[in-house]
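# Structural overview
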Amino acid sequence: MKIAYPGTVASQSGTFRSLHLRNYRVYFIGILISFVGQWMQSTAQSWVVLTELTDEDAAAIGITMALQFAPPLLLVGVTGWVADRFDRRTLIAITQSALLLISLAIGVLLLLDAMTLPVMLTLAFASGVVTAFDNPTRQAFVTDIVSNDNAANAVALNAMVFNVARLVGPAAAGVLLVAVDSGWVFVVNAATFVAMLVSLAAMRRAELVPQHRGPQMGRFADGFRYVRSRADLLVLFVMVFLIGAFGMNFAIYASTMALEFGHDADGFGILTSIFAIGSVSGALLLARRGRPQLRVVVLGTALFGLASFVSALMPGFWWYGLVLVLVGFSLST
């Protein structure tokens, strides 16, 4: 006879086995709604910078993204320590509330025609700082909800949620950008953070199993020494760096290609959603696997490079979109 303890799933298997846990189901719904809103904002932000705050200056999108993604890199030692030392559910509630206020501020400024590029860059940086604490805390929080046996499945389902949101969010943003003022997209995103806050409040605290907290920030240096001693981890770190730096600039590629093929914001949203079709497929495939394997990572990386190269040669909007499915699939894998 198997006994199911909090955070475990007895006698369950398959792609969606973690959803048999009530706490994870509640978390899953909240994060799905929140991610949809965040993808709406990400799409709208790139489009606003490209077409409203500049004269189709793709470099401005790059600067905005750099300011948004620099804090998670620069603060990685601090944010990881914070995620290990403090109550993760409380931390997520704080970061989600802060992101809500930033989104609302952007939306109001756009609706009042008071937004400028410097202000957008400042708010993008502020969002990046908050996200630097939010991302590792959310990722670690999964291990507080499910057992170690189901951790890989839960992480894969989180990736699926992220990509399902990428499928829905950009398409919705494209429609809204054409139909109403761009500021409303950010206001809608602010509202979606409420779903995450509600889901956190609805979770049963007694069924959470907080994992071991690290003793001190000095352990961050131990992490570097450990990675340096592992050739397989070094390979993964280098691969992630190269793909992240030179391949995962989709907001720039898709927005400029949409303009190149004569499409408006709706075209940008469609391309982002098409990309997500492949990403969701890759995430679902990974959720079925028991353990990740280096061979799959290497094959996925090679396929990503090939698909990205082929996409650059496509002569039309829908041909480009078709190859993006393969790009999304390989990147998720």
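Residues numbered from 1 in each chain as written. Predicted model: local features only at pLDDT ≥ 70, side-chain atom pairs only at ≥ 80, totals over all residues. Heavy atoms only, no water.

## What about the packing of helix H2 (residues 58–74) against helix H5 (residues 117–145)?
What counts, and what does not: Throughout, an axis means a line fitted to C-alpha atoms (over the contacting stretch in the case of helices), and angles, computed between N-to-C directions, take values from 0 to 180 degrees. Secondary structure elements follow DSSP: runs of H or I of four or more residues count as helices, runs of E of two or more count as strands, with numbering from the N terminus. In this scheme, roughly parallel covers angles under 35 degrees and roughly antiparallel covers those over 145, while 65 to 115 is roughly perpendicular and the rest are oblique. Each helix crossing is assigned a hand: it is left-handed if the near helix lies turned anticlockwise from the far helix by less than a right angle, otherwise right-handed if that turn is clockwise. The contact rule is simple, with two residues in contact once any of their heavy atoms fall within 4.5 Å.
Contact geometry for H2 and H5: axes closest at 7 Å, N-to-C directions at 25°. One finds that H2 runs roughly parallel with respect to H5. In this structure, H2 meets H5 at a crossing whose hand is right-handed. Across from Ile-63, Thr-64, Leu-67, Gln-68, Pro-71 and Pro-72 in H2, the residues of H5 making contact are Leu-121, Ala-124, Phe-125, Ser-127, Gly-128, Val-129 and Ala-132.

## Re the nonpolar core
Cut-off, in case you're wondering: As used here, the term nonpolar core means buried Ala, Val, Leu, Ile, Met, Phe, Trp, Tyr and Cys residues forming a set that is joined through side-chain atoms within 4.5 Å. Exposure classes here rest on a 1.4 Å probe applied to the protein chains alone. A residue is buried below 20% of its type maximum, exposed above 50%, and partly exposed in between.
Judged by nonpolar contacts, the single largest core of 70 residues is most densely connected at Tyr-24, Tyr-27, Ile-106, Phe-141, Ile-145, Met-203 and Leu-324. Sort the elements by how many residues they give to this core and helix H1 (residues 22–51) lands first, with 14 residues. Residues contacting Tyr-27, with those up to four places away along its chain left out, are Arg-138, Phe-141, Val-142, Ile-145, Asn-158, Met-196 and Met-203.

## Considerations on the packing of aromatic side chains
The condition that has to hold: Any pair of Phe, Tyr and Trp rings, taking the six-membered ring for Trp, is counted once the centres come within 6.5 Å. Such a pair is stacked with planes under 30 degrees apart, edge-to-face with planes over 60 apart, and tilted for the rest.
Scanning all chains against the criterion turns up seven aromatic pairs. Seen in terms of ring centroids, Trp-81 and Phe-86 are 6.0 Å apart; in terms of plane orientation they differ by 85°. Their pairing is edge-to-face. Of the residues examined, Trp-81 reaches a relative accessible area of 27% and is grouped as partly exposed. Residue Phe-86 is classed as partly exposed on the basis of its relative accessible area, which comes to 42%. Of the aromatic side chains, those joined through ring pairs into one cluster are Tyr-24, Tyr-27, Phe-28 and Phe-141.

## A word on the pattern of salt bridges
Basically, it comes down to this: Throughout this description, the term salt bridge denotes a Lys or Arg side-chain nitrogen within 4 Å of a carboxyl oxygen of Asp or Glu.
A full pass over the atoms with the stated rule returns three salt bridges. With its nearest N and O atoms 2.7 Å apart, the salt bridge here joins Arg-138 to Asp-134. Note that Arg-138 and Asp-134 are positioned in helix H5 at a spacing of four residues, about one turn of the helix. Across the pair, exposure class does not vary: Arg-138 and Asp-134 are buried alike. Across the pair Arg-230 and Asp-232 runs a salt bridge whose closest N-O atoms are separated by 2.7 Å. For Asp-232, a relative accessible area of 33% translates into the label partly exposed.

## Quick word on the confidence of the model for the chain
So the rule is basically this: The predictor's confidence in any single residue is recorded as pLDDT, a number from 0 to 100.
Mean pLDDT for the chain: 82, with 88% of residues reaching 70 or above. Across the chain, the element-wise mean pLDDT spans from 75 in helix H8 (residues 219–228) up to 94 in helix H4 (residues 88–111). In the predicted structure, residues 1–11 sits below a pLDDT of 50 and forms 17 contacts with residues beyond four places in sequence or in another chain.

## What about the packing of H4 against helix H7 (residues 183–202)?
Keep this limit in mind: Each residue is assigned to one of three groups, with Ala, Val, Leu, Ile, Met, Phe, Trp, Tyr, Cys and Pro labelled nonpolar, Asp, Glu, Lys and Arg labelled charged, and all others, Gly among them, labelled polar.
Viewed as axis vectors pointing N to C, H4 and H7 meet at an angle of 165°, and their least axial separation amounts to 7 Å. In terms of orientation, H4 lies roughly antiparallel with respect to H7. As H4 runs across H7, the sense of the crossing is left-handed. Here the residues of the contact of H4 with H7 sort into 18 nonpolar, six polar and one charged.

## Observations regarding the side chain of Ser-273
When you line up the elements, Ser-273 lands in helix H11 (residues 265–288). Taking relative accessible area as the criterion, Ser-273 reaches 8% and is therefore assigned buried. For Ser-273, the residues in contact, after removing those within four places along its chain, are Arg-166, Leu-167, Pro-170 and Ala-171.

## Section: unusual backbone geometry
In most cases, non-glycine residues show a negative phi, while peptide bonds are predominantly trans. Backbone geometry at Glu-56 places phi at a positive 55°, although glycine is not the residue there. As for its placement among the helices and strands, Glu-56 is situated in the loop between H1 and H2. Of note in the backbone geometry, Asp-113 takes a positive phi value of approximately 55° without being a glycine. In this fold, Asp-113 is placed in the loop between H4 and H5.

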